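What follows is each chain in one-letter form.
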Amino acid sequence: MSARDLAVAILIALALLVLLAMLFAWRRRVRRDAAFTAPLGVPEHAEVMRRDEVLYVSTTTHEQPLERVAIAPLAFRARGELAVTDRGVALALDGAPTVFLARDQLVAVDRATVTIDRVVEPGGLVRIAWRVADTTIVDSYLRLTGGDPQNLISDLQRLVPAAPDTGATS
């Protein structure tokens, strides 16, 4: 075996090890997040106020845009449609069931620039913070494919319940 053949064999072995490590890390992440599922299906009689074509980018741990959460069916990037209704937000991604975030699950909506696998112009992403469980908040990132993200954010912010008054003053 020549030195060149040995070098090629070593590079192939290293590439396979990296791919295996990525596979095992992803499977561990999926098992870790298996307890969480996104709510599916749109309630009857929900009045659609607007629809927008979007690119779904990722869902991450709240305020940790580089820590992906593998919540089914939001584990992978996809094209889709976001429908803002009077009862919440419906996200219909290509090849996946429709995810519906009811008003009481929404925590905050704002603009973002960075999330796992994606960096865009300042404020180019729409970040929707929502409760996946009673005490667990996650952030889902979308990129609007047409139109002004600020108009969408304004409509979404109207759905977010007001924070309860704690009586504290600043």
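Above this text sits the structure in question.
1. Some words on a nonpolar patch on the surface
Inference 1: Together, M1, L6, I10, L11, L14 and L17 line one region of the surface with nonpolar side chains, adding up to about 680 Å² of accessible area.
Inference 2: Topologically, L11 is positioned in helix α1 (residues 3–32).

2. Quick notes on unusual backbone geometry
Inference 1: P73 follows A72 through a cis peptide bond whose omega is -5°.
Inference 2: Of note, P73 is situated in the loop between β1 (48–61) and β2 (78–85).
Inference 3: A positive phi angle is found at H45, which is not glycine, with a value near 65°.
Inference 4: Among the secondary structure elements, H45 is positioned in the loop between α1 and β1.
Inference 5: Overall, the relative accessible area of 69% leaves H45 in the exposed class.
Inference 6: Located in the positive-phi region is E63, a residue other than glycine, with phi close to 60°.
Inference 7: Mapped onto the elements, E63 comes out in the loop between β1 and β2.

3. Observations regarding the sheet that holds strand β9 (residues 136–144)
Inference 1: Spatially, the seven strands line up as an open sheet ordered β4-β3-β2-β1-β9-β8-β5, and their pairing is antiparallel. Two strands lie at the open edges of the sheet, namely β4 (99–102) and β5 (106–112), each paired on one side alone. Averaged over neighbouring strand pairs, the angle between their axes works out to 35° when direction is ignored.
Inference 2: Looking at chain direction, strand β3 (residues 88–93) and β4 are connected through four bridges and run antiparallel. Of the residues in β4, the one forming a bridge with V89 is L101.
Inference 3: Packed on one face of the sheet, helix α2 (residues 149–157) meets β1, β2, β3, β5, β8 (125–133) and β9 and runs near 170° to β5.

4. Let's talk about the pattern of salt bridges
Inference 1: A full pass over the atoms with the stated rule returns seven salt bridges.
Inference 2: Here D155 and R50 are joined by a salt bridge, their closest N and O atoms 2.8 Å apart. Of this pair, D155 sits in helix α2 while R50 sits in strand β1; the two residues are 105 residues apart in sequence, bridging distant segments of the chain.
Inference 3: The shortest N-O distance in the salt bridge between R158 and D155 comes to 2.4 Å.
Inference 4: In this structure R158 comes out as exposed when scored by relative accessible area, which is 58%.
Inference 5: Where salt bridges share partners, they join R50, D52, D155 and R158 into one cluster.

5. Considering α2
Inference 1: For α2, the full list of buried residues reads P149, L152, I153 and L156. One side of α2 holds all its buried residues, which, seen down the axis, span an arc of 100°.
Inference 2: Among the structural elements, β1, β2, β3, β5, β8 and β9 are those in contact with the buried residues of α2.

Procedures and definitions
- Residues numbered from 1 in each chain as written.
- Predicted model: local features only at pLDDT ≥ 70, side-chain atom pairs only at ≥ 80, totals over all residues.
- Heavy atoms only, no water.
- Patch = residues over 30% accessible without salt bridge, like charges linked within 9 Å, V, L, I, M, F, W, Y side chains within 5 Å.
- Areas by Shrake-Rupley, 256 points an atom, 1.4 Å probe, with all protein chains shown as cover.
- Salt bridge = Lys/Arg side-chain N within 4 Å of Asp/Glu carboxyl O.
- Helix = DSSP H or I, 4+ residues; strand = E, 2+ residues; numbered from the N terminus.
- Buried < 20%, exposed > 50% of the residue type's maximum accessible area, 1.4 Å probe, protein only.
- Pairing = 2+ DSSP bridges.
- Axes fitted to C-alpha atoms, helices over the stretch in contact; angles between N-to-C directions.
- Contact = heavy atoms within 4.5 Å.
- Arc of directions from axis to C-beta.

Everything listed is a geometric property; what it means functionally is a separate question.
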